[in-house]
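Structural overview for review
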Amino acid sequence: MQERSKRMLFTLVLIFLGLAVLQRFVSDTAITTIPWWVTAVIVAAVISGYMWIRTSLEEKRAEAEWIEQEGSVYIRRMEHERQQRSEGEQ
């Protein structure tokens with residue numbers, strides 16, 4: 001998990017530096033008339049949305065896996081009880 005955080009921080013730093021360089025060396029185009037911090041906030045919002053979607057999909061997968069495991073435990077218990085009943089009847 002820490003590796004992912006480090007990678008994300010590194011990516012954000014690179015984006016920040018790239019935007020700073022872009023604003024410094026490109027003159028009077030549409031992207032540079034916006035303050036650099038506004039662009040950084042927009043990029044951060046997009047990245048945050050992407051991470052939210054990715055995390056929610058991972059949580060859904062983990063929840064489905066957990067439900068499947070709990071279901072198999074329940075089915076094993078039912079089979080065990082059925083087996084005990086059939087042994088008790090004999």
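For the structure, check the block above.
This is a predicted model, so every value here is computed, not measured. (Residues numbered from 1 in each chain as written. Predicted model: local features only at pLDDT ≥ 70, side-chain atom pairs only at ≥ 80, totals over all residues. Heavy atoms only, no water.)

When helices and strands are tallied, the protein shows 2 helices and 0 strands. On the protein, roughly 8200 Å² of surface is accessible, and the fraction owed to carbon and sulfur atoms is 62%. (Helix = DSSP H or I, 4+ residues; strand = E, 2+ residues; numbered from the N terminus. Areas by Shrake-Rupley, 256 points an atom, 1.4 Å probe, with all protein chains shown as cover.)

It is possible for side chains of opposite charge to pair when their charged atoms get near one another. Using the criterion set out here, one finds 2 salt bridges in the structure. A salt bridge links Arg54 to Glu58; the nearest nitrogen and oxygen atoms lie 3.9 Å apart. Note that Arg54 and Glu58 are positioned in helix α2 (residues 36-89) at a spacing of 4 residues, about one turn of the helix. Classification of Glu58 as partly exposed rests on a relative accessible area of 32%. (Salt bridge = Lys/Arg side-chain N within 4 Å of Asp/Glu carboxyl O. Buried < 20%, exposed > 50% of the residue type's maximum accessible area, 1.4 Å probe, protein only.)

Within the element layout of this structure, Thr39 appears in helix α2. The exposure class of Thr39 is buried, given its relative accessible area of 13%.

Another aspect to go through is the environment of Met78. Considering the arrangement of structural elements, one finds Met78 in helix α2. Its relative accessible area of 35% is what places Met78 among the partly exposed residues. Spatially, the C-alpha atoms of Met78 and Ala64 are 21 Å apart, while their sequence positions differ by 14 residues.

Let us now look at the packing of helix α1 (residues 2-25) against α2. One way to put it is that α1 packs onto α2 with a least axis distance of 10 Å and a crossing angle of 155°. Between α1 and α2, the crossing angle belongs to the class labelled roughly antiparallel. The two elements α1 and α2 meet at a crossing, and its hand is right-handed. Residue-level contacts link Arg4, Met8, Leu12, Ile15, Phe16, Leu19 and Gln23 of α1 to Trp36, Thr39, Ala40, Val43, Ile47, Met51, Arg54 and Glu58 of α2. (Axes fitted to C-alpha atoms, helices over the stretch in contact; angles between N-to-C directions. Parallel < 35°, antiparallel > 145°, perpendicular 65-115°, else oblique. Left-handed = near helix turned anticlockwise from the far one by under 90°. Contact = heavy atoms within 4.5 Å.)

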